[in-house]
Amino acid sequence: MMINWIKRLIGLENKRKGTADVFCMMPWVHFHVTQLGTVTPCCQAPWQEETAFGNINRENIAQIWNGKKMAAFRKNMKNGVPDKRCEGCYEKEKQGFTSLRQITNKNYFHHYDRVNQTLKDGQIPGTTPVYFDIRFSNVCNLRCRICGPWSSSSWHNDAVALGMKSENAPAITVSVHNTERLFSELEGMMPDMEEFYFAGGEPLVTEEHYRLLDMLIKHGKTDVKLTYNTNFSSFEYKGVNVLELWKKFRQVNIAASLDAEGMRGELLRKNLDWTRVEDNRLKLLKELPHAEFTVSPTLNVYNLLHLPDFHRNWTQRGLIGVEDFIPTLLIKPNELAVSALTYTVKKQALGLYKKHLEWIAQQTVTKPEKYEHMISQFKNVMIVLNAKGDKNIKTRLKQHVNSLDSLRNENTLKVFPELGNREML
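Keep in mind that what you see is a predicted model, and the values were worked out from it rather than measured. (Residues numbered from 1 in each chain as written. Predicted model: local features only at pLDDT ≥ 70, side-chain atom pairs only at ≥ 80, totals over all residues. Heavy atoms only, no water.)

(A) Up close: the pattern of salt bridges. Using the criterion set out here, one finds 24 salt bridges in the structure. Here Glu292 and Lys370 are joined by a salt bridge, their closest N and O atoms 2.5 Å apart. Of this pair, Glu292 sits in strand β12 (residues 292–295) while Lys370 is found in helix α16 (residues 368–386), placing the two residues 78 residues apart along the sequence. Since its relative accessible area comes to 26%, Glu292 is described here as partly exposed. Of the residues examined, Lys370 reaches a relative accessible area of 14% and is grouped as buried. One salt-bridge network, in which partners are shared between bridges, spans Arg145, Lys270, Asp405 and Glu410. (Salt bridge = Lys/Arg side-chain N within 4 Å of Asp/Glu carboxyl O. Helix = DSSP H or I, 4+ residues; strand = E, 2+ residues; numbered from the N terminus. Buried < 20%, exposed > 50% of the residue type's maximum accessible area, 1.4 Å probe, protein only.)

Structure, rendered in C-alpha cells:
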C-alpha cells in the first residue's frame, strides 16, 4: 500500500521499472554518523569505512554532504539503481515488513523539490541536512542479548571473553573526536533543522545528547522533532532530569526498546531494572502526556512466544494504547532470527499470533494510522512464520544461549521455560 502511494505521489511510475522500489529520500535530507565516526546512508546501512560517504573526524558535514561519494549515491538512487548498502530495507520489504526507506519517503516527501534540484553529478548545492542521526558515543548501560560491542560499550568485556574481540582491542566509546567543531557546524544549520534522532549506545546516558538539547533550547529551536530509540532504563543523568528538558519541546517521540516483561526483559537486556522501567512509563504519562510513546520490541527467538502476553498486559493496564506496540524484525545475527526457526516451531507460534490478532481487533483504537502500521507488522510476523526455516538453527542457537548463560551465570530456560517446551532449546 505505502509503496503504491509513494509511486503516485512522486510520479515515479512512468520512469524505468523498479525506480520506486529503490528510491529513498534519505540522501536528500538525512545525515547519519555511526559509532565509528563514519557517515553512512542511514543507521541500517553498513558502518565500515569502505562503504561510507566519509568520516566526521576527517571531514566536516558540508564536505561530506556534497562530496563525490554521497553525490554518486544520490545519482544512482534517482536513476533507480539498487545499492547493496540498502539491502536491509529491501529484505524487510521482501518479507512484508515496513522499512525505514518507506517511512522516510512518507515523512520527508515535502522535500522532494531537492530531488528535482539535484545536479547531474548528484550534488544539491545550497542545502544542508534537515534530519540528523549522530551517534556521539557507543556508551550504554545495558548488555542486551541481541546486541554486541558495536552498539554497547558495556558489551566489551563479554565480547573479549567470548573471543569476539581481542584483549588488546579498546572498547568503542567515542565516535566524534572534535565535538566543538561539530557543534559549531550544527549550530549554523539549526534554522533548517527539522528532526534529531537519538540512539546509541544509549542516548539518555550520553553527554552530547544533553548538550545538544541545551543548545536547541538556548536558540529557541524547540519546534525540532526529537525522536528516540532508548532502552528506557533511566531519566536521570548527572543530576539532570530529561523530562524537564523534553517539556520544552513541541514534539517528542519515544520508541522504547523493550523486548519482554519482568525477569524475561531483564535477561534479554542485562542490567535492566524492570520495576524502574514501569515507574518511568508512569512518570512519562503523568509529566509529559503529549509525548508519543511506542513499545518497540525486536522480534527474535527469545521473545517470540512471550510477545503477545507483553502486549496484552501493558494495554490492559493502561500503560499503552493497543496501537502503541509495534514489533520490528531481527535480521541478524541469524541464529536469533525468527525467520530461521524450523517450520515445526513456527507452526506452533502461528496459532498464538492468530489469536493475538483476534484480540487486537476487539480493542479500542485512538490513533488509526499508527494502528494500521501495527497491524501490518503483526500480519507480516505471520508471513515469516509461514516460511521455511533453517534446520541448523537449533545448534547455533544453543551455542549462543549456553555461552552467554555460562558467562553471565544465568539460566535461560528457567526464565523462558516455553523455549524448552517448544523444542527450541
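(B) Structural context of unusual backbone geometry. Here the amide bond leading from Gly200 into Gly201 is cis, since omega sits at 20°, within 30 degrees of zero. With respect to the helices and strands, the residue Gly201 is situated in the loop between β6 (195–198) and α10 (207–218). Of note, the phi angle at Lys238 is positive, near 50°, even though the residue is not glycine. Relative to the helices and strands, Lys238 is located in the loop between β8 (236–237) and β9 (240–241). Although it is not a glycine, Asn271 sits at a positive phi angle of roughly 85°. Mapped onto the secondary structure, Asn271 falls in the loop between β11 (269–270) and α13 (274–287).

(C) Just the side chain of Gln35, in detail. Tracing the backbone shows Gln35 in the loop between β1 (30–33) and β2 (38–40). According to the relative accessible area criterion, Gln35 is buried, its value standing at 2%. A polar side-chain atom of Gln35 sits 2.7 Å from the main-chain carbonyl oxygen of Gly200. (Polar contact = N/O pair within 3.5 Å; in protein donor to acceptor, adjacent residues only side chain to side chain.)

(D) Examining the sheet that holds strand β7 (residues 225–230) more closely. A sheet is described by the order of its strands in space; here eight strands give the open sequence β3-β2-β1-β4-β6-β7-β10-β12, paired in mixed fashion. Strand pairing shows two members of the sheet lacking a second neighbour, β3 (54–55) and β12, which therefore form its edges. (Pairing = 2+ DSSP bridges.)

(E) View of the packing of aromatic side chains. Under the defined criterion, the tally for this structure stands at 21 aromatic pairs. Measuring from ring centre to ring centre gives 5.9 Å for Phe109 and Tyr112, while their planes differ by 20°; the resulting arrangement is stacked. Residue class for Tyr112 comes out buried when judged on its relative accessible area of 11%. Pairing Phe196 with Phe198 gives two aromatic rings, centres 5.0 Å apart and planes at 20°, and the pair type is stacked. The ring of Phe416 is capped by Arg264, whose NZ or CZ atom sits 5.6 Å from the centre of that ring. (Phe/Tyr/Trp six-rings, centres within 6.5 Å; stacked < 30°, edge-to-face > 60°. Lys NZ or Arg CZ within 6 Å of the ring centre and 35° of its normal.)

(F) Structural detail: the packing of helix α15 (residues 343–361) against α16. Contact geometry for α15 and α16: axes closest at 8 Å, N-to-C directions at 160°. Here α16 runs roughly antiparallel to α15, going by the angle between their axes. Crossing of α15 over α16 shows left-handed handedness. For the pair formed by α15 and α16, the contact residues are Tyr343, Lys346, Ala349, Leu350, Tyr353, Lys354, His356, Leu357, Ile360 and Ala361 on the first element and Tyr371, Met374, Ile375, Phe378, Lys379, Val381, Met382, Val384, Leu385 and Asn386 on the second. (Axes fitted to C-alpha atoms, helices over the stretch in contact; angles between N-to-C directions. Parallel < 35°, antiparallel > 145°, perpendicular 65-115°, else oblique. Left-handed = near helix turned anticlockwise from the far one by under 90°. Contact = heavy atoms within 4.5 Å.)

(G) Examining empty space enclosed by the protein more closely. Considering all chains together, one arrives at two cavities of 30 Å³ or more under this definition. Lining the largest cavity are 17 residues, and of these Cys24, Cys42, Cys86, Cys89 and Arg101 lie nearest its centre. At the level of elements, α2 (26–29), α4 (68–78), α5 (87–94) and α6 (100–107) are the ones that each hand at least two residues to the lining of the largest cavity. No other element matches α5, which puts three residues into the lining of the largest cavity. For the lining of the largest cavity, the class distribution of residues is 13 nonpolar, two polar and two charged. (1 Å grid on protein atoms, 1.4 Å probe; cavity = no way out; pocket = protein on both sides within 12 Å on 5 of 7 lines; lining within 4 Å. Points joined across faces, edges and corners; volume = space filled by probe spheres on them. Nonpolar A, V, L, I, M, F, W, Y, C, P; charged D, E, K, R; others polar.)

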